[in-house]
Amino acid sequence: MKYICSLLLFVALSLFAKAQGTLPATFFQGKSVVLVSNDPSAIPSMTWQSLSDSIHPYLVGAGGDPIAYYELEQVALSAEQQGVYAKAFLQRQVQNVILITRQKAQTSIHVGKFSEDAKLIAEENLLGVSGIDWKSVGQQFATYGAMTDTQNLLVSEVAEFPVLLTQGANPGSQKFISRNPLNLEVFRLGIPLEGTFAGNDPIQAYRYQTFGKSEESLLVEQSAKKEFLEGIFSSAYPHQVAWLTAAKSNAQLLAEQIQFVLVKVEGRQADLMKSMGLEPLTGEEGNRTVVKYYIRFLVREELYLGPTWDAHPNWQIALKQFLANLKN
């Protein structure tokens, strides 16, 4: 009888939601962390914490053990920040990462195994469920899990929001330095192209601003951005560059005379500054979303922010300001 009811509910919900993939076995056997990306302009308006509170019962009903909720944008400020969280998740024996993306026209839930590194999730085999709103997608997700026995029995009945971690929380983390690196004229600067394997970060694909974009549209954007970047660097950067379109180890990059790699991060200005060990701006300036560039020095794993804070909401202006400051 339980199976028949579940099947009927699944058929009904399929009219409003769509799904692909399968839940990993670890979902029913261990802890999960939840990363939430919530479009503040979606209607009805709700905070990411309220969204978490609303969906939590469905994740538990599906058989999961969600032990902590974080705003995805806070965790994904940079690869360094993600590394801090990855180490914390390892200490708490996390096995799965649940991603919730709320956009104006749909809400999605994805589940994948924790990758145990700064990527946080693997790039394939994620269960994906999408629906017109958080309630319909939550109900369908719970239906999927209800058909499998779970070993997660003592779970929290409410969503928990731990204290946010920062770069300083990781004693062995890379160092952010507020000056320019030396010897840029000697070695090539590697520039990962967004939309390629070298520039891809699986977590970033689940931000509400980027989720659902087609591969074709991403390739068009990548081509246009590369052309624009070439124009900026030819006029503002006098040294050699290397365009990175494939993932390479530090050893491979160093063998190609690439000791420096350009890194682009985006997030709330106050969050970025705090994660980099700087005194964060407050008020409207601190709350606005900005882009910041810095350079990673591969030999010593040092991160150079430049002598002046040059983040800007427009990535083109942010890059031009950063390159101008490299001359100081």
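Residues numbered from 1 in each chain as written. Predicted model: local features only at pLDDT ≥ 70, side-chain atom pairs only at ≥ 80, totals over all residues. Heavy atoms only, no water.

> For this particular structure, what's the right way to read the packing of helix 6 (residues 215-236) against helix 10 (residues 315-325)?
A pair of packed helices is characterised by two quantities: the angle between their axes and the separation of those axes. One way to put it is that helix 6 packs onto helix 10 with a least axis distance of 11 Å and a crossing angle of 25°. When the axis of helix 6 is compared with that of helix 10, the two are roughly parallel. Two packed elements cross with a definite hand, and for helix 6 against helix 10 that hand is right-handed. Packed against helix 6, whose contacting residues are Lys 225, Phe 228, Leu 229, Ile 232, Phe 233 and Ala 236, the element helix 10 presents Trp 315, Gln 316, Leu 319, Lys 320 and Leu 323 at the interface. Of the residues that constitute the contact of helix 6 with helix 10, the class distribution is 8 nonpolar, 1 polar and 2 charged. (Axes fitted to C-alpha atoms, helices over the stretch in contact; angles between N-to-C directions. Helix = DSSP H or I, 4+ residues; strand = E, 2+ residues; numbered from the N terminus. Parallel < 35°, antiparallel > 145°, perpendicular 65-115°, else oblique. Left-handed = near helix turned anticlockwise from the far one by under 90°. Contact = heavy atoms within 4.5 Å. Nonpolar A, V, L, I, M, F, W, Y, C, P; charged D, E, K, R; others polar.)

> Before we go on, may I ask you to explain the sheet that holds strand 9 (residues 241-244) in this structure?
Sheets are built from strands paired through backbone hydrogen bonds, the pairs being either parallel or antiparallel. With mixed pairing, the 6 strands of this open sheet are ordered in space as 7-12-11-10-8-9. In this open sheet, the two strands that pair with only one neighbour each are strand 7 (175-177) and strand 9. On average, each strand axis in the sheet is tilted by 30° relative to the strand beside it, whichever way the strands run. In terms of strand pairing, strand 8 (residues 188-192) meets strand 10 (residues 258-268) through 3 bridges, oriented parallel. Looking across to strand 10, one finds that Leu 189 is bridged to Phe 260. The sheet strands contacting helix 6 are strand 8, strand 9 and strand 10, and the helix crosses strand 9 at an angle near 170°. On the sheet, helix 10 packs against strand 10, strand 11 (289-297) and strand 12 (302-304) and is oriented at approximately 40° with respect to strand 11. (Pairing = 2+ DSSP bridges.)

> How should I be thinking about the environment of Pro 24 in this particular structure?
On the secondary structure map, Pro 24 appears in the loop between strand 1 (17-20) and strand 2 (31-38). Residue contacts for Pro 24: discarding those within four places in its chain leaves Asn 96, Val 111 and Lys 113.

> Help me understand the packing of aromatic side chains in this model?
Centre distance and the angle of the planes are the two values used to describe a pair of aromatic rings. Here the structure, examined in full by the defined rule, presents 14 aromatic pairs. With a centroid separation of 6.0 Å and an interplanar angle of 45°, the aromatic rings of Tyr 70 and Phe 89 are classed as tilted. Here Phe 89 lies in helix 4 (residues 79-91) and Tyr 70 lies in strand 3 (residues 65-71), a separation of 19 residues in the sequence. Judged by relative accessible area, Phe 89 falls into the buried class, the value being 2%. With a centroid separation of 5.1 Å and 20° between ring planes, the pair formed by Phe 260 and Phe 297 is classed as stacked. Taken together, the residues span a long stretch of sequence, with Phe 260 in strand 10 and Phe 297 in strand 11 at a distance of 37 residues. For the pair shown, Phe 260 and Phe 297 are each scored as buried. Chaining the aromatic ring pairs together yields one cluster made of Tyr 70, Tyr 85, Phe 89 and Phe 114. We note Lys 225 situated over the ring of Trp 315; from NZ or CZ to the ring centre the distance is 4.7 Å. When the ring centre of Trp 243 is taken as origin, the NZ or CZ atom of Lys 226, which lies over that ring, is 5.5 Å away. (Phe/Tyr/Trp six-rings, centres within 6.5 Å; stacked < 30°, edge-to-face > 60°. Buried < 20%, exposed > 50% of the residue type's maximum accessible area, 1.4 Å probe, protein only. Lys NZ or Arg CZ within 6 Å of the ring centre and 35° of its normal.)

> So what exactly am I meant to see when it comes to helix 10 here?
Residue pairs three or four apart in sequence face the same way in an α-helix, which turns once every 3.6 residues. Within helix 10, the full set of buried residues consists of Trp 315, Ala 318, Leu 319, Phe 322, Leu 323 and Asn 325. Taken around the axis of helix 10, the buried residues stretch over an arc of 160°, which confines them to a single face. Where the residues of helix 10 are buried, they touch helix 6, strand 10, strand 11 and strand 12. Two or three places before Gln 316, at the start of helix 10, stands the capping residue Asn 314, its side-chain oxygen 2.8 Å from that residue's backbone nitrogen. (Arc of directions from axis to C-beta. Polar contact = N/O pair within 3.5 Å; in protein donor to acceptor, adjacent residues only side chain to side chain.)

> I would appreciate a short explanation of the nonpolar core in the present structure.
Within the largest apolar cluster, 24 residues are counted, with the highest numbers of intra-cluster contacts made by Leu 189, Phe 233, Leu 262, Tyr 293, Ile 295, Leu 319 and Leu 323. Counting residues per element, the ones that place at least two in this core are strand 8, helix 6, strand 10, strand 11 and helix 10. Residue contributions to this core peak at 5 residues, all from helix 10. The contact partners of Phe 233, leaving out residues within four places of it in the chain, are Leu 189, Ile 191, Val 241, Trp 243, Leu 262, Leu 319 and Leu 323. (Core = buried A, V, L, I, M, F, W, Y, C linked by side-chain atoms within 4.5 Å.)

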